[in-house]
Amino acid sequence: QKEVEQDPGPLSVPEGAIVSLNCTYSNSAFQYFMWYRQYSRKGPELLMYTYSSGNKEDGRFTAQVDKSSKYISLFIRDSQPSDSATYLCAMSRDNYGQNFVFGPGTRLSVLP
Amino acid sequence: DVKVTQSSRYLVKRTGEKVFLECVQDMDHENMFWYRQDPGLGLRLIYFSYDVKMKEKGDIPEGYSVSREKKERFSLILESASTNQTSMYLCASSLEWGQGYEQYFGPGTRLTVT
């Protein structure tokens, strides 16, 4: 079983839709949970970062962590064509922020 | 703006060649990382370094080595390139523990080994 599972998509939605992106993980020792966005031919960039179970909101983006179910989600409200990218979940195996494991990414297309 | 630069965007090498991939960051970050990214597998950690001359193996270090002689520069070395090392290579840097875990990535080097 992979440490982190993520549906690769592609996921296509109309502009304005609510998007839900998810990852499941198997290692209960994961401490920190992140979402990165990667545009085509670019390196990933950090979108959201959470530590504990619960929700964290930043503008149109909400990150949700459920440690008991080993499940994390990223919600995008009022999706825009500029949100079209690959979204990667990432988790830290340690308390030092040095050893991360990434999901394979979900490719999202928001159609105008 | 944090900037992580990688020496080449595209590289084509022959099997058996020694390959050097260079990464430079300009934000005085302690941690530097090398990943490879393959379709369906995501980013996989090859090596990371938390200080000059210090290195730790990641998940897939076989066939690779690294060098960090200066804080801002982290090199990935393929001692004898093989076709299964054809991939996108991404370098990243981050501040030390306790100051956040955001990794800043370079644009990547697409390496093709023929």
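Higher on the page you've got the structure.
This section reports on the structure supplied with the text. What you are looking at is a predicted structure, and each value in this text was computed from that prediction instead of being measured.

Residue and element names in this part refer to chain A. This structure, assessed with the given rule, holds two disulfides over all chains. Between the sulfur atoms of C23 and its disulfide mate C89 the distance is 2.0 Å. On the sign convention where negative is left-handed, the bridge of C23 and C89, at about -100 degrees about the S-S bond, is left-handed. With C23 in strand β3 (residues 19-25) and C89 in strand β9 (residues 85-92), the pair connects residues that are 66 residues apart, well separated along the chain.

Time to look at the pattern of salt bridges. All chains considered together, the criterion is met by twelve salt bridges over all chains. We note a salt bridge from B:D38 to B:R36, for which the minimum N-O separation is 2.9 Å. Relative accessible area serves as the criterion here: at 12%, B:D38 is assigned to the buried category. Look at the salt bridges and you will find they share partners, linking A:E3, A:R93 and B:D59 into a network.

For the largest pocket, the calculated volume is near 530 Å³. Those elements that provide at least two residues to the lining of the largest pocket are β9 and β11 (106-111) of chain A together with β4 (31-38) and β9 (87-94) of chain B. Of the residues forming the lining of the largest pocket, the biggest block, three residues, is contributed by β9(A). When its residues are assigned to classes, the lining of the largest pocket shows nine nonpolar, ten polar and five charged. Roughly 290 Å³ of internal volume is contained in the second largest pocket. Only β5 (45-50) of chain A together with β10 (104-105) of chain B provide two or more residues apiece to the lining of the second largest pocket.

All names here are of chain B. With five of its six residues buried, strand β8 (residues 73-78) lies for the most part within the structure. With six bridges connecting them, strand β3 (residues 19-25) and β8 associate as antiparallel partners. Along β8, the bridge assignment pairs L21 with L76. Once strand β7 (residues 64-70) ends, the chain turns through two residues before running back antiparallel as β8.

We now examine the sheet that holds strand β8 (residues 71-76) of chain A. Residues and elements named next belong to chain A. Here five strands make up an open sheet; going across it, the order is β1-β3-β8-β7-β6 and the pairing antiparallel. The open sheet terminates on both sides in strands that have one partner only, identified here as β1 (4-6) and β6 (54-58). Taking each pair of neighbouring strands and ignoring which way they run, the sheet shows an average axis angle of 15 degrees. By the bridge criterion, three bridges tie β1 to β3 in an arrangement that is antiparallel. Bridge pairing links V4 to Y25 in β3.

Quick look at the interface of chain B and chain A now. Taken together, the 23 residues of chain B in the interface contact 21 residues of chain A. Interface area, chain B with chain A, both sides summed: about 1800 Å², of which 55% is carbon and sulfur. Between chain B and chain A we count one salt bridge in total. Counting every contact that joins chain B to chain A gives four residue pairs in polar contact (both at pLDDT 80 or more). Elements represented by at least two residues in the side of chain B that touches chain A include exactly β4, β5 (42-51) and β9 of chain B. The leading source of residues in the side of chain B that touches chain A is β5(B), at five residues. Here the side of chain B that touches chain A is composed, by residue class, of 13 nonpolar, seven polar and three charged.

Procedures and definitions
Every residue gets a number counted from 1 within its own chain, in the order that chain's sequence is written. Ligands are numbered from 1 and chains lettered from A, in the order in which they are written. Selection of residues for local features in this predicted model requires a pLDDT of at least 70, selection of side-chain atom pairs for listing and counting requires 80 or more, and totals for whole chains, interfaces and linings are taken over all residues. In computing side-chain properties, one takes all heavy atoms of the structure into account and sets aside hydrogens as well as water. Note on disulfides: each one is a pair of cysteine sulfur atoms within 2.5 Å. Labels follow the DSSP assignment, with helices taken as runs of H or I lasting at least four residues and strands as runs of E lasting at least two, numbered in each case from the N terminus. The term salt bridge refers to a pairing of a side-chain nitrogen on Lys or Arg with a carboxyl oxygen on Asp or Glu at a separation within 4 Å. Each residue is assigned to one of three classes by its accessible area relative to the maximum for its type, calculated with a 1.4 Å probe on protein chains only: buried under 20%, partly exposed between the two thresholds, exposed over 50%. A cavity, in this analysis, means grid points on a 1 Å lattice covering only the protein atoms where a 1.4 Å probe fits yet has no way out; a pocket is instead an open set bounded by protein on both sides within 12 Å along at least five of seven lines, and a residue lines either one if it has an atom within 4 Å of a point. Grid points are joined across faces, edges and corners, and a volume is the space filled by probe spheres set on the points. In this classification, the charged set is Asp, Glu, Lys and Arg, the nonpolar set is Ala, Val, Leu, Ile, Met, Phe, Trp, Tyr, Cys and Pro, and all remaining amino acids, among them Gly, are polar. When DSSP finds at least two bridges between two strands, those strands are taken to pair. Helix axes are fitted only over the stretch in contact, all axes being lines through C-alpha atoms; the angle between N-to-C directions runs from 0 to 180 degrees. Contact criterion: two residues are considered in contact whenever any of their non-hydrogen atoms come within 4.5 Å of each other. A 1.4 Å probe defines the accessible area here, and the buried area is the portion of it lost by two parts on being joined, summed over both. N or O atoms within 3.5 Å of each other form a polar contact, as long as, within protein, one can give a hydrogen and the other can take it, and as long as residues adjacent in sequence are counted only when both atoms are side-chain atoms.

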